[in-house]
Every structure is written in structure tokens, then in C-alpha cells.
Amino acid sequence: MEKLTRKYGLLTAICMVVGTVIGSGVFFKAQNVLVATGGNMPLGIAAWAITGLIMIICSAQFAVMSTKYERVSGVVDYAEATCGKKYAYYLAWFMVNIYYPAMTSVLAWVSARYFGVILGWDITGPRTMVLAGFFLVFSYAINALSPKIAGKFQIGATVIKLIPIALMAVVGSVVGLTNGVLTQNFTTVVTEAVGGTMGSGLFAAIIASVFAYEGWIVATSINAELKNPKKNLPIALVLGSFIVTLAYILYYIGVAGGATNEVLMTEGATVAFGNIFGGIGGTFLSICIVISCLGTLNGLMLATTRGMYAIADRDEGPKPEMFSQVDKSTNMTTNSAVWGLFVCAAWLLYFYGANLSPDGGWFGFFNFDSSELPIVTIYAIYIPMFIMWMKKEKELGVVKRFVLPILSIVACAFMVFAAVYAHGITPYNTAKANGEFSFPVLFYLIVFAVIMLAGFFCSSGFRAKFSKKKD
């Protein structure tokens, strides 16, 4: 049977981390962070720094794991080695059908949104949504037809996406200090933080920023295609995480020099580009942002298209003989890629209906933010892996065996608590419900349970029992 070849180097792996994480989130979630903190700029910076630290800690732990375990899908391999085959299967099923496609679908819309802004389109209008669908298919086509082109596009997009980040970080800070706007924003608070306290506002800001930081784990999905993975993958994870965290904090400070907190909270961070760089400069940087978003979309789609292959390679899931096939001419997991596109399209439809539709949500109490809650779920899934790592890896030193995984467990537990605290009992649609409360986390978990139950019916164990009964 055809197998995946090692075609990616260290640079591609670093660009997978930086390029997949830095994308749309830092641009459109900066506004969410500011709103959550009530315009408290230092509190917002604290949120970016805390989430970045959590990413660095967890990526460092996975970097150590990558030196020990290697197969075809990074984090799934680590789950299998620490918690067993069944746990690895359900983790892979979650990532294939919830985690990756939920994020990928949001990225398709965000890419279309920023492109639509340049053309003056309604960001939730039909033209924008059609373009979102096109970007989804376009990203799928690149990855399915030519993985090497997808890898080169990832490198190019990573370089381009750092342009608006670097320019805003430097020029925005200088302009803001010169005109006094930066000082004003750091010393004044616009309104009350979400929840009425600084603590609740900080939790809400952290959860808002988590989408901007997520995606680093995608780099582990090319484990089987990475040259010298036990050396290159740890370097890519740790170095990439540091680059992202530093870039985000500096960008957030730079944005504060381009407009007052009141304006940024109502119009978004992109207004700062126009104020600082003018109409033409703002348009150019907006184009860079679109390419940045497409680069992130490409990285997520790269992982999504390989998801069912990682399951089928373990003789798990539906039709493993079909999803484990690798195309001889493209060296691509074609059938797995088709499934990934289908699930992404389904999540794009959900994201529009639950979060963007003009009639206030199609799913009632089942409306939840699919750009945040699936991300937090995976942090909870990491915890048993870190516990079993401490139990099994007896030959390691104290730092690698206990200190780092304990810090990772604390970081993951904090993320789960912050998510429940921030998303807990909140109006599912404040404008429409007018005081009717729902529990988004609970209803998300119901959807999660249904999808995972479907995974049980597709597992090898269930298939074996069913075939025996049939015989």
C-alpha cells in the first residue's frame, strides 16, 4: 500500500505553527478582548500573555512527547502511547469531526469577511458566505491535489501575514506615543468589564483570545511527512509558540496607538490600519490580512484532510480500507480529504446559522460559538495524557516527567474553568431572547456527546460485535 513520504522540512514545520496560529484571530478577536475587559488595555494584554503562556507550556510538553513517540498523526500518536488505542481513537474522532472542521469553517468565513470589507460587502451577506464556501473548496483543492504546493503556500503566507503584524506593532506604537492616544488608552477604562468584575472580564478575554492562539497542534499532523521529526517537530513547536506570543502582544499594543478604545470596541481593530496608514496603505494591509487568513485556513485544512487517514491507519472508524488509501500520483489521502471537506461544509453551515444569521440563530438553545468551545474541549482531553505520561515515563528526569506535565495540567484545567465561567449561563441571543437564559456549554456538550456516540458505532470494537451477531 502507498504510504506518505517525508517531504516537509523544519522551515515548513515552523511555518505550520506560526502560520496556522497567526491568522484571523489576532485581527478580529482583538476587538472581542477589548470589549470583554471594558476597554481596559493592560487587562487585555494580560489575557493575551496568559493564553500565550498556556500555549507555550502545552507545546513544550508535546515537544518532549514528540521526541519519544512517532507514527502518522502527532497528538493522536501521543494519546495512543499514553492512554491506549481506544482513547487515541476517540481523540482522533473528535479532532476529525469537531475540532479541526469547526475552526476551519470559521477561518473560511473570516477570510471572506476581510476580503468583503475591502469590497464594501456585508460581512454576513450572501456574497460573503458564497466566497467563504469558495475559499473552503479552494483550500481543499490545494491540499488534495498538491501537498507540496500547499506547503510552499504555507511558507509564503506566513511571511506575508507577519507584515501587518510587524508594521502595526512598530508604527502603531510610535504614532500612538507621539499623539498621546496610546497613553490615553492605557490609562482609561471605557466601561464595565464583562461580568462586572476585572476577574470575570479577564476570563472572558482569555476565552476570546484562545481562538487566536489555537492551531499550533496542527503541526503534529504532518509527523509522518516531516523530515527528522524527532528533532524538527520539538523545535517548531516551542520556537513557533514564542514567536506567536510575542507578535500578538506587540500587535495589540500597536493597535492601541491607532484609535481610542471606544472606537476599537465598536468598529474593530482594522480601523486602526486606516487611521495610521491611510486609505491605500490600509487597503494593502487588509489584503495582507486576507492572505494571512487564507494561510491559516490552509494549515487547518491540511490537518483536516488527513484526519480520517490517521483513524483508518489504526484500522478504526468507518471503512478503514477506503480512508487509508493514499493516491500514488499526489501522495495524498484523497478519500480522507473528501470527508474533511464535507464535515467542514457542515460546520460552516452551523456557524452561519448559530452566529451570523440575521434572524438571530437557527438552533435555539443549541446556538453556541463553534470558534471557541471545541478548542477548550481539547485542553480537557489533554489532561489524561499528561497524567499517564507521568505514570509511564519512569526513566525521565524530574522536570520532563513531573514539572512540565503538571504545569500543562494546571494550564489546561485553567482553560476549562475559564470557558465554563465565561460561557456558562449567558443569553444565547441577548437581542432576541431578551433575558431568556441558556447554558451554551451544556448544549455544546450534548452535541459533542452525540458526535462521539457516532464514533462509538464506527469503532472497530462495535464493528466486530455487529459482524459476529450478523454471522
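Residues numbered from 1 in each chain as written. Predicted model: local features only at pLDDT ≥ 70, side-chain atom pairs only at ≥ 80, totals over all residues. Heavy atoms only, no water.

Student: Which residues make up the layout of surface pockets, and what values do they have?
Tutor: A probe as big as a water molecule, rolled over the atoms, marks out the empty space that is left. Roughly 210 Å³ of volume is contained in the second largest pocket. What lines the second largest pocket is simply Asn97, Trp339, Phe342, Val343, Ala346, Trp347, Tyr350, Phe368, Val447 and Ile451. Elements represented by at least two residues in the lining of the second largest pocket include exactly helix 15 (334–356) and helix 19 (440–457). Looking at the lining of the second largest pocket, the element that brings in the most residues is helix 15, giving six residues. Class assignment of the residues belonging to the lining of the second largest pocket gives a composition of nine nonpolar, one polar and no charged. (1 Å grid on protein atoms, 1.4 Å probe; cavity = no way out; pocket = protein on both sides within 12 Å on 5 of 7 lines; lining within 4 Å. Points joined across faces, edges and corners; volume = space filled by probe spheres on them. Helix = DSSP H or I, 4+ residues; strand = E, 2+ residues; numbered from the N terminus. Nonpolar A, V, L, I, M, F, W, Y, C, P; charged D, E, K, R; others polar.)

Student: Tell me about the packing of helix 16 (residues 373–392) against helix 19, and name the residues and values.
Tutor: For the pair helix 16 and helix 19, interaxial distance at closest approach is 11 Å and the crossing angle is 75°. Relative to helix 19, the element helix 16 lies roughly perpendicular. Contacts from Leu373, Pro374 and Thr377 of helix 16 reach helix 19 at Pro440, Val441, Tyr444 and Phe448. For the contact of helix 16 with helix 19, the class distribution of residues is six nonpolar, one polar and no charged. (Axes fitted to C-alpha atoms, helices over the stretch in contact; angles between N-to-C directions. Parallel < 35°, antiparallel > 145°, perpendicular 65-115°, else oblique. Contact = heavy atoms within 4.5 Å.)

Student: Residue-level account of the packing of aromatic side chains, with values.
Tutor: All told, the structure shown has 36 aromatic pairs when counted by the stated rule. Counting every residue linked through ring pairs, the aromatic cluster contains Phe94, Tyr99, Tyr100, Trp347, Tyr350, Tyr352, Trp362, Phe363, Phe368, Tyr444 and Phe448. The ring of Tyr114 carries the charged tip of Arg113 above its face, separated from the ring centre by 5.2 Å. (Phe/Tyr/Trp six-rings, centres within 6.5 Å; stacked < 30°, edge-to-face > 60°. Lys NZ or Arg CZ within 6 Å of the ring centre and 35° of its normal.)

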